[in-house]
Amino acid sequence: MKRITQTVSALSLLSLTVLSAALLGGPAQAQGAPVTIKINGYGGTDPALVGTLINRFVKPLLAKDNINVVYEPIQGDYNKGLTTLLASNTAGDVVYLPGETVDGFVATGKILPLNGLVSASPFIKSLNTVFTRNGKQYAVAKDFNTLAVVYNKDLFDEAGVAYPTDNETWTTFAKKLSDVKAKLGNDYYGLCLAPSFDRFGAWAYSAGWTQFDSKGNTNLADPKFVEAFNFYTGLAKNKVGIQPSELSTDWGGGCLKTGKVAVGIEGGWVAGFLKDNAPNLKYGTALMPKNDTTGKRGNFVYTVGWAINAGTKNKAAAVKVLNALTSVQAQEYILEAGLAIPSRSALGTSPYFKRTEAAAVNSKVVFNGAADGNVYGFTFGPKGTDWAKPIGDALTAVLSGQKTSAAALQQAQKDMATFQGR
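The shown structure was predicted, so the numbers you read here are calculated from the model rather than taken from an experiment. (Residues numbered from 1 in each chain as written. Predicted model: local features only at pLDDT ≥ 70, side-chain atom pairs only at ≥ 80, totals over all residues. Heavy atoms only, no water.)

This paragraph deals with the overall build of the protein. For the protein, the helix and strand inventory stands at 16 helices and 13 strands. Its C-alpha radius of gyration of 23 Å places the protein within 12% of the 22 Å reference for a compact globule of 422 residues. Principal-axis analysis of the C-alpha atoms gives the protein an extent of 70 × 50 × 35 Å. The contacts of the protein with a sequence gap of at least 6 include a subset with a gap of at least 24, amounting to 76%. Averaging the locations of the 41 positively and 31 negatively charged side chains of the protein gives two centres separated by 5 Å. (Helix = DSSP H or I, 4+ residues; strand = E, 2+ residues; numbered from the N terminus. Rg over C-alpha atoms; globule rule 2.2 N^0.38 Å. Contact = heavy atoms within 4.5 Å. Lys, Arg positive; Asp, Glu negative; His and termini not counted. Charge placed at Lys NZ, Arg CZ, Asp CG, Glu CD.)

Next up, the structure:
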């Protein structure tokens, strides 16, 4: 994928000074004693990416402030590693804050509220909500993903069925899936049905279900949840939908790679996977279907935020680093490089989103999904990721034919109540 040119290196020193002043809310400060800001984040490919952002954007913007920035990845289990570092007061000044575990970290008191320090207004509202608790915002989303309908164009063409569009309802979407299956026969399938909350949950939100009530409890007997559960598992009838494991894979991208499944419900991460693993597959992307009754789509925002360690001794410098890392220039870079979806609302008009290649279209649909319908953060409350296990178990039991929907949901609600201590 074409990368943007050396935008920052082409700026004059005067331009950098003006840009720094605009970004940080005032004139560049006079150079003082050197300050080092340490960042904790993921391992893998993140050190290279963040290192590029630091060298190309943070250092030029903060050159006059004499702020040095270093990235120290936490290898292995990030949540466990960050918990240990925060407890021992050795964590970085700026840290990744995963959306799915935000409640646990906020409860420690080790994450600094950003109200009055960082402006939330330039960022997509649903992303800010992920990191807001009791009116306090604890992180700014560095990037994000949502779910979308990713479809194999060749299979729809071969079946003579129109591609999924942004105007589908549950009913029209299911009809297209059934038609593809009927036309192509037993060796082909309409939809990859992952038996997990991270895909199914979007359908429950579309029906109007909410994850937690006012007391923090989950009701899986809610008719809205039951409606979504029955719709989703009902797509397994006549093998219109198929579990990834039945095709020797464990996710929707793997299903699409086989060339035997017309649709996977996935996010922007699928574009790079298909480019590397199924380069000849012609695919398109559409928004999630709307529930026939509510008229709303459902979706997750999967996100990680930039947060500040409440124990930092260099709060002002840490805020400047956070602002630089989330600047328009930095986010435009990661978008055009095909690395992530930007969290700034204004970048919805980026020239990249006007491009017509499959990956760019996918990114635009994923970006739009964050502000369309019933959109909630992929989070689990204060008790962590095990919250989703009863739902996954119920989906697996029904999709594999082990239980009826009613029996599976009855057991799931019992397990959920036990987990939540009710």
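Looking now at the pattern of salt bridges. Pairing is possible between side chains that carry opposite charge, provided their charged atoms lie close to one another. For the structure on display, the rule yields 12 salt bridges. The shortest N-O distance in the salt bridge between Lys-142 and Asp-143 comes to 3.0 Å. Pair check on accessibility: Lys-142 and Asp-143 agree, each one buried. (Salt bridge = Lys/Arg side-chain N within 4 Å of Asp/Glu carboxyl O. Buried < 20%, exposed > 50% of the residue type's maximum accessible area, 1.4 Å probe, protein only.)

All right, on to the state of the cysteines then. Here the structure, examined in full by the defined rule, presents one disulfide. A sulfur-sulfur separation of 2.2 Å characterises the disulfide bridge that pairs Cys-192 with Cys-255. Here Cys-255 lies in helix α10 (residues 252-257) and Cys-192 lies in strand β8 (residues 189-192), a separation of 63 residues in the sequence. (Disulfide = S-S within 2.5 Å.)

Let us now look at helix α11 (residues 269-277). Looking at α11, one finds that the buried residues are Val-270, Ala-271, Phe-273 and Leu-274. Turning to α11, the residues buried within the fold contact β7 (148-152), α10, β10 (261-266), β11 (283-286) and α14 (358-369).

Moving on, we come to empty space enclosed by the protein. If a probe as big as a water molecule is rolled over the atoms, it shows which places are left empty. Applying the stated criterion to the full structure yields three cavities of 30 Å³ or more. The calculated volume of the largest cavity comes to roughly 80 Å³. Looking at the largest cavity, the residues that line it are Leu-49, Val-50, Leu-53, Tyr-96, Lys-142, Asp-143, Trp-306, Leu-325, Ala-330, Gln-331 and Ile-334. Broken down by secondary-structure element, the contributors of at least two residues to the lining of the largest cavity are α2 (46-62), β6 (140-145) and α13 (328-336). (1 Å grid on protein atoms, 1.4 Å probe; cavity = no way out; pocket = protein on both sides within 12 Å on 5 of 7 lines; lining within 4 Å. Points joined across faces, edges and corners; volume = space filled by probe spheres on them.)

Quick look at the confidence of the model for the protein now. Per-residue confidence for the protein averages 92 on the pLDDT scale, and 92% of its residues sit at or above 70. This model gives residues 1-30 a pLDDT under 50, and the stretch forms 44 contacts once residues within four places in sequence are excluded. (pLDDT = per-residue confidence, 0-100.)

So, on to unusual backbone geometry. Its identity is not glycine, yet Asn-134 carries a phi of approximately 50 degrees, on the positive side. When you line up the elements, Asn-134 lands in the loop between β4 (132-133) and β5 (136-137). Backbone geometry at Ser-248 places phi at a positive 60 degrees, although glycine is not the residue there. Structurally, Ser-248 can be placed in the loop between β9 (241-242) and α10.

In this section: the nonpolar core. A general tendency of soluble globular proteins is for nonpolar side chains to be buried together. Membership of the largest hydrophobic core comes to 76 residues, with the highest contact counts inside it found for Ile-39 and Leu-97. Those residues within four positions of Leu-97 in sequence are excluded, and the remaining contacts are Val-102, Phe-105, Ile-111, Phe-131, Tyr-138, Ala-139, Val-304, Gly-305 and Ala-307. Counting residues in each nonpolar core, the second largest holds 52 residues, with Ala-202, Ala-207, Tyr-232 and Ile-391 among its members. (Core = buried A, V, L, I, M, F, W, Y, C linked by side-chain atoms within 4.5 Å.)

Next up on the list: helix α7 (residues 170-184). Residues lying three or four places apart along an α-helix face the same way, a consequence of the helix completing one turn every 3.6 residues. In this model, α7 (15 residues) spans 21 Å end to end at C-alpha, consistent with the 21 Å of a helix rising 1.5 Å per residue. Every buried residue of α7 is accounted for by Trp-170, Phe-173, Ala-174, Lys-176, Leu-177, Val-180, Lys-181 and Leu-184. Down the axis of α7, the buried set is contained in an arc of 160 degrees. They therefore lie on one face. In α7, those exposed residues whose orientation departs by more than 90 degrees from the buried face are Lys-175, Ala-182 and Lys-183. For α7, the secondary structure elements touched by its buried residues are β7, α6 (153-159), β8, α8 (197-206), α9 (223-234) and β10. Following α7 by one or two positions, Gly-185 has its phi on the positive side, about 95 degrees. (Expected span 1.5 Å × (residues − 1). Arc of directions from axis to C-beta.)

Attention shifts here to the layout of surface pockets. Roughly 1300 Å³ of internal volume is contained in the largest pocket. The wall of the largest pocket is formed by 44 residues, among which Asn-145, Gly-268, Trp-269, Leu-339 and Ala-340 lie closest to the centre. Breaking the lining of the largest pocket down by element, the ones donating at least two residues are α2, β6, α8, α11, β12 (298-308), α13 and α14. Ranked by the residues each element gives to the lining of the largest pocket, the list is headed by α11, at six residues. Taken together, the residues that form the lining of the largest pocket break down as 26 nonpolar, nine polar and nine charged. (Nonpolar A, V, L, I, M, F, W, Y, C, P; charged D, E, K, R; others polar.)

Turning to its location among the elements, Asn-299 is positioned in strand β12. Side-chain polar atoms of Asn-299 contact the backbone nitrogen of Leu-147, separated by 2.8 Å. Other than its neighbours up to four places away in sequence, Asn-299 contacts Thr-146, Leu-147, Ala-202, Tyr-205, Met-288, Gly-369, Asn-374, Val-375 and Tyr-376. (Polar contact = N/O pair within 3.5 Å; in protein donor to acceptor, adjacent residues only side chain to side chain.)

With that out of the way, let us pick up the environment of Glu-72. Note that Glu-72 resides in strand β2 (residues 67-74). Judged by its relative accessible area of 36%, Glu-72 falls in the partly exposed class. Sequence separation between Glu-72 and Gly-43 is 29 residues, and the spatial gap between their C-alpha atoms is 8.5 Å. Ignoring any residue separated from it by four or fewer positions in sequence, one finds Glu-72 in contact with Lys-38, Ile-39, Asn-40 and Gly-41.

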